[in-house]
Amino acid sequence: MSGRLDPELLRILVCPKCKGELNVRLGDDGAEAFLDCQACALGYPVEDGIPVMLIEEAKPLSASASAGGDS
Amino acid sequence: MSERPGPRPRLFDTWSRFYNLRWFQWLTYRPVHNAVLAALRQSDSLRVLDVGCGTGLLASRIRRELHRTRVIGCDFSSGMLERAAAGSRDVAWVRGNALRLPFRTSSFEAVVSTEAFHWFPDQAAALGECFRVLTPGGRFLLGVMSPASEGMSRALRLGSRLLAEPSNWPTRRGLRAQLEDAGFKIETQQRVYRLLGGLLLPPFLTVATRPA
């Protein structure tokens, strides 16, 4: 399974905290790994193809960026 | 901003295990789902959000029965969504909190929520979010059990706090007032008949619109 998110879903997802735009960060497998909010410096993980849009489970952007993405 | 943390996800992760049993569904949620589907059929809702979708039975059914509809199911429990995703790939599943929905303003022609509202620790915030993500003229279909009196609603609130997770089941009138405070216009409020809890806590489906 590629795990790629539905483009329609990506179009309407925003940061739950500031309702701002999200940037997709792809993982090594080419699937979405994180949805990043630059304004809040939070990365929302995508787990098994499900975006986890919970502030308390988001990773601080610097830490998650060094952990796995290829942005 | 201080926010009550809300119900413990683990309770829902455990609950999700027997949630999908057929007999359990017929006793509990199925009649409410039927009412929601009947209401959705009355107008063309191309994009539907299910808030507190649980294991996704209603969201999957909407997708199956209303072919042109695009459905997003949102729940904050990973256990519930795991089962939801195993059941249907035609619905987009998102882990999210009803008090802080991760969706753009005016994204849905319909928002549905069944048997979840009583768990929301800040119901006004949840209603505000449902209002926000609806398109002007969009409809909110809210299925929740309603006690007959304010006294009973208060007693249940206290009891639930002592026994398990704090829950708040407003009366029908209370719910209408909450919806109007959030800016909604009430369209209909109908009783849904089912066996379990039918007399003490009958479920009602309230349909409200975000004024155009």
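To keep things clear, this report deals only with the structure shown in the data block. (Residues numbered from 1 in each chain as written. Chains lettered and ligands numbered in written order. Predicted model: local features only at pLDDT ≥ 70, side-chain atom pairs only at ≥ 80, totals over all residues. Heavy atoms only, no water.)

In terms of helices and strands, chain B carries eight helices and seven strands. For chain B, the residues scored as buried account for 55% of the 212 residues in total. Long-range pairs, those at least 24 residues apart, make up 70% of the contacts in chain B with a sequence separation of at least 6. Carbon and sulfur atoms make up 55% of the accessible area of chain B, which totals about 9800 Å². (Helix = DSSP H or I, 4+ residues; strand = E, 2+ residues; numbered from the N terminus. Buried < 20%, exposed > 50% of the residue type's maximum accessible area, 1.4 Å probe, protein only. Contact = heavy atoms within 4.5 Å. Areas by Shrake-Rupley, 256 points an atom, 1.4 Å probe, with all protein chains shown as cover.)

This part is about the interface of chain A and chain B. Each partner contributes residues to the interface: chain A has 21 residues there, and chain B has 22 residues. For the chain A and chain B pair, buried surface summed over both sides reaches about 1800 Å², with 56% attributable to carbon and sulfur atoms. It is Ile12(A), Ile50(A) and Leu54(A) in chain A that bury the most area against chain B; as a group they hold 30% of the surface buried on that side. In this assembly, chain A and chain B are joined by four salt bridges. The residue Glu129(B) makes a salt bridge to Lys19(A) at a minimum N-O spacing of 2.6 Å. Summed over the shared surface of chain A and chain B, the result is ten residue pairs in polar contact (both at pLDDT 80 or more). Residue assignment for the side of chain A that touches chain B shows that the elements contributing at least two residues are helix 1 (7-12) and strand 4 (50-53) of chain A. Tallied by class, residues from the side of chain A that touches chain B come to twelve nonpolar, no polar and nine charged. (Buried area = accessible area lost by both parts, 1.4 Å probe. Salt bridge = Lys/Arg side-chain N within 4 Å of Asp/Glu carboxyl O. Polar contact = N/O pair within 3.5 Å; in protein donor to acceptor, adjacent residues only side chain to side chain. Nonpolar A, V, L, I, M, F, W, Y, C, P; charged D, E, K, R; others polar.)

The next subject is a positive patch on the surface. Residue and element names in this part refer to chain B. Together, Arg-172, Arg-173, Arg-176 and Arg-191 line one region of the surface with positive charge. The leading source of residues in the positive patch is helix 8 (residues 172-181), at three residues. Given the relative accessible area of 41%, Arg-172 is considered partly exposed. (Patch = residues over 30% accessible without salt bridge, like charges linked within 9 Å, V, L, I, M, F, W, Y side chains within 5 Å. Lys, Arg positive; Asp, Glu negative; His and termini not counted. Charge placed at Lys NZ, Arg CZ, Asp CG, Glu CD.)

Here the focus is helix 3 (residues 30-41) of chain B. With twelve residues, helix 3 of chain B extends 17 Å from end C-alpha to end C-alpha; this agrees with the ideal 16 Å at 1.5 Å per step. Looking only at helix 3 of chain B, the buried set comprises Pro31(B), Val32(B), His33(B), Ala35(B), Val36(B), Leu37(B), Ala39(B) and Leu40(B). (Expected span 1.5 Å × (residues − 1).)

Further remarks concern the packing of aromatic side chains. Residue and element names in this part refer to chain B. Counted under the stated rule, the structure contains four aromatic pairs over all chains. Here Phe-140 and Phe-184 contribute two aromatic rings whose centre-to-centre distance is 5.3 Å and whose plane-to-plane angle is 25 degrees, an arrangement assigned as stacked. Pair noted here: Phe-140 is in strand 5 (residues 134-145) and Phe-184 is in the loop between helix 8 and strand 6 (185-191), with a separation of 44 residues, a long-range link. A residue is classified by how much of its surface remains accessible, and Phe-184, at 4% relative accessible area, is buried. Chaining the aromatic ring pairs together yields one cluster made of Phe-131, Phe-140 and Phe-184. (Phe/Tyr/Trp six-rings, centres within 6.5 Å; stacked < 30°, edge-to-face > 60°.)

As far as function goes, none of this settles anything; it's purely spatial.
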